Protein chains: 2
Amino acid sequence: MDRTAKEDTGVKQQILRRIYLFSGIGEADLSTLARMAVKKTFPRQATIFSEGKEAQGFYLLITGQIKMVKSSLEGKEYIIRLVGPGESFAEAAVFGEIPYPATAIALEDCLTLFFPKGPFLQHLAASPALARNMLATLSRLMFHLTKQLEDLSLKEVSARLARYILERCQHTHGEIAAGLQCELPTTKTQLAAYLGTISETLSRTLSRFKSLGLIEVDKGKITIVDPVALHKMAQGNKS
Amino acid sequence: MDRTAKEDTGVKQQILRRIYLFSGIGEADLSTLARMAVKKTFPRQATIFSEGKEAQGFYLLITGQIKMVKSSLEGKEYIIRLVGPGESFAEAAVFGEIPYPATAIALEDCLTLFFPKGPFLQHLAASPALARNMLATLSRLMFHLTKQLEDLSLKEVSARLARYILERCQHTHGEIAAGLQCELPTTKTQLAAYLGTISETLSRTLSRFKSLGLIEVDKGKITIVDPVALHKMAQGNKS
DNA sequence: CGGCCTGTTGATGCGACTCAATTCAGGTGG
DNA sequence: CCACCTGAATTGAGTCGCATCAACAGGCCG
């Protein structure tokens, strides 16, 4: 019993070592963090936490994919963020004395590590490097949020989609060029919610891009045909 | 010369003591911060920094008001955030190795304290309390950004305006009730940009609210008449 | 007084959401 | 192995919110 717990902590420490958030953190600190981390699994479709609820701690996604959503009364939803393995989520709720700002839902079966608020904050005070990493993480999230605000307020759907495709390509291949292929996350309905629109509009926009010779669509994959025109499309604004 | 510099630092330290970001910070640390802070003034309409430029540090607004904006090619702009006295801005750019995410423009003559990136980061590593405050500040900003995203993606203009009025009232009087009055920031054109719309639409929406008996409008001031209906309006979504 | 900026009001057009019908793919059970 | 069911994707027609364009009124200042 005691021995398996110790082994378990060791495994968790191994995992933490590879996470960006904990880069540059000493082994002793990692060990402390590994001990406080609680393994939590969630099946597909499960709600991990709900908007407005008091924050108990934050999560680190190990495997699977989750979405953070805001939803309206009639069930329409906007996906604030898609979270992949190695990323943390709900960090902000831990520091600001604020409730969870959105609802987290598992898109696939997920394995997470949960860091309880109290112990984590206590440890944070003793680890400037961790605080620094956390600040960097939050800053980059904020940067992304402001980009989304810009998109929603100033750009139309076609520009948002074009930018998304380019970003996805950049993220996957490290460059943007004709012929490169990238795949869409989960379903198109999800992507539509992420782009702040609905599946019908996304479908129409994709087929318009196709007929304009910007992209090729095959199943869940998109091949870039005309990167230059796509880039110009991404700049376009509501004018 | 040396003496005036010392007095100057003392004055700055006095100021810092009252700022939320530095609450709970010891006098020695405050003194260090006061010494590194550079007084910078900006006339009305001045650009403090521009989106995309490399971040040199962040600012603390002492007097005046500034707006952080994203603008499109044709000159239409969206105000991400209005900053008042006592608030810091551009903090995130300092931690994330990212450029300034938006452009900062003075709406009035402004006095600011500028904290250069290097010295501030160095000091941050030695002050867990400061790091903690900074995390709390960023978290609350993020919370606000996600609310804005929700508004833009799921709500229509009338709901956004209703929520804004209620928030303003809450912020000014600490409660929401019929008869309470709150004032609008700068011009209505600015407010429109903050709500993600344009002045014409804002004007129409305000007069509709008035004819519905929700509010009274007088010059730059708004008086709440029907808080319940206003609250219901704020929930409304695009359906 | 004449310019300028802000705000208001009307007419028009466009983008995108809604609703509805249909097709398609995947998984299940008989 | 095929019929069936469910959820996703597509396509068309209609509607609506809101941006655009344009004209005009009021306040402020040189």
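Residues numbered from 1 in each chain as written. Chains lettered and ligands numbered in written order. Predicted model: local features only at pLDDT ≥ 70, side-chain atom pairs only at ≥ 80, totals over all residues. Heavy atoms only, no water.

With that out of the way, let us pick up the packing of helix 2 (residues 27-36) of chain A against helix 4 (residues 117-126) of chain A. Residues and elements named next belong to chain A. As a packed pair, helix 2 and helix 4 sit with axes 10 Å apart at the nearest point and diverge in direction by 170°. One element, helix 2, and the other, helix 4, form an angle in the roughly antiparallel class. Across from Asp29, Thr32, Leu33 and Met36 in helix 2, the residues of helix 4 making contact are Pro119, Phe120 and His123. (Axes fitted to C-alpha atoms, helices over the stretch in contact; angles between N-to-C directions. Helix = DSSP H or I, 4+ residues; strand = E, 2+ residues; numbered from the N terminus. Parallel < 35°, antiparallel > 145°, perpendicular 65-115°, else oblique. Contact = heavy atoms within 4.5 Å.)

Attention now moves to the nonpolar core. Formed by 106 residues in total, the largest nonpolar core has its most connected members in Phe22 and Phe115 of chain A together with Phe22, Phe89 and Phe115 of chain B. The contacts of Phe115 of chain A, once residues within four sequence positions are left out, are Leu16, Phe22, Leu33, Met36, Ala37, Gly57, Phe58, Leu60 and Phe120 of chain A. Cys169, Cys182, Leu202 and Leu214 of chain B belong to the second largest nonpolar core, which has 28 residues in total. (Core = buried A, V, L, I, M, F, W, Y, C linked by side-chain atoms within 4.5 Å. Buried < 20%, exposed > 50% of the residue type's maximum accessible area, 1.4 Å probe, protein only.)

Before going further, it helps to examine the protein's contact with DNA strand D. For DNA strand D, the set of nearby residues contains 15 residues, the closest of which are Lys188 and Thr189 of chain A together with Thr197, Ile198 and Thr201 of chain B. When the atoms of DNA strand D within 4 Å of the protein are grouped by moiety, sugar and phosphate amount to 59% of the total. For DNA strand D, a phosphate oxygen lies 3.1 Å from a polar atom in the side chain of Ser203 of chain A. Elements that contribute at least two residues to the surface near DNA strand D include exactly helix 7 (188-194) and helix 8 (199-211) of chain A together with helix 8 (199-211) of chain B. For the surface near DNA strand D, a count of residues per class yields 2 nonpolar, 7 polar and 6 charged. (Near = heavy atom within 4 Å. Polar contact = N/O pair within 3.5 Å; in protein donor to acceptor, adjacent residues only side chain to side chain. Nonpolar A, V, L, I, M, F, W, Y, C, P; charged D, E, K, R; others polar.)

Now for unusual backbone geometry. Negative phi is the rule for most residues except glycine; trans is the rule for most peptide bonds. Residue and element names in this part refer to chain B. The residue Gln45 is not glycine, and still its phi comes out positive at about 80°. On the secondary structure map, Gln45 appears in the loop between strand 1 (38-42) and strand 2 (47-49). Here Gln45 falls in the exposed class, since its relative accessible area comes to 55%.

All names here are of chain A. Assigned domains of chain A: these are domain 1 (2-152) and domain 2 (155-235). Taking the mean C-alpha position of each, domain 1 and domain 2 sit 28 Å from one another. Each partner contributes residues to the interface: domain 1 has 15 residues there, and domain 2 has 12 residues. Across the domain 1 to domain 2 interface the summed buried area is about 1,200 Å²; carbon plus sulfur atoms make up 52%. It is Ile79, Leu82 and Asp151 that lose the most area in domain 1 upon contact with domain 2, and together they represent 41% of the buried surface on that side. (Domains from an automatic or database assignment. Buried area = accessible area lost by both parts, 1.4 Å probe.)

Ordered by their spatial adjacency, 4 strands build an open sheet running 2-7-4-5 (chain A), and the pairing between neighbours is antiparallel. Either end of the sheet is taken by a strand with one partner, and the two such strands are strand 2 (47-49) and strand 5 (77-83) of chain A. Between one strand and the next, the sheet's axes are offset by a mean angle of 35°, whatever the strand orientation. The sheet contact formed by strand 4 (residues 66-71) of chain A and strand 5 of chain A spans 6 bridges and is antiparallel. Across the sheet, Ser71 of chain A pairs through a bridge with Glu77 of chain A, a residue of strand 5 of chain A. Along the sheet face, helix 5 (residues 128-154) of chain B touches strand 4 and strand 5 of chain A and points at about 135° away from the line of strand 5 of chain A. (Pairing = 2+ DSSP bridges.)

Now for the relation of the copies chain B and chain A. Least-squares fitting of chain B to chain A yields an RMSD of 0.1 Å, with the transformation described by 0.1 Å of translation along the axis and a rotation of 180°. The transformation just described matches what one would write down for a two-fold rotation axis. Taken as a fraction of all interface residues of chain B, those also at the interface in chain A reach 100%, which identifies the copy contact as same-surface. (Least-squares fit on C-alpha atoms with pLDDT ≥ 70 in both.)

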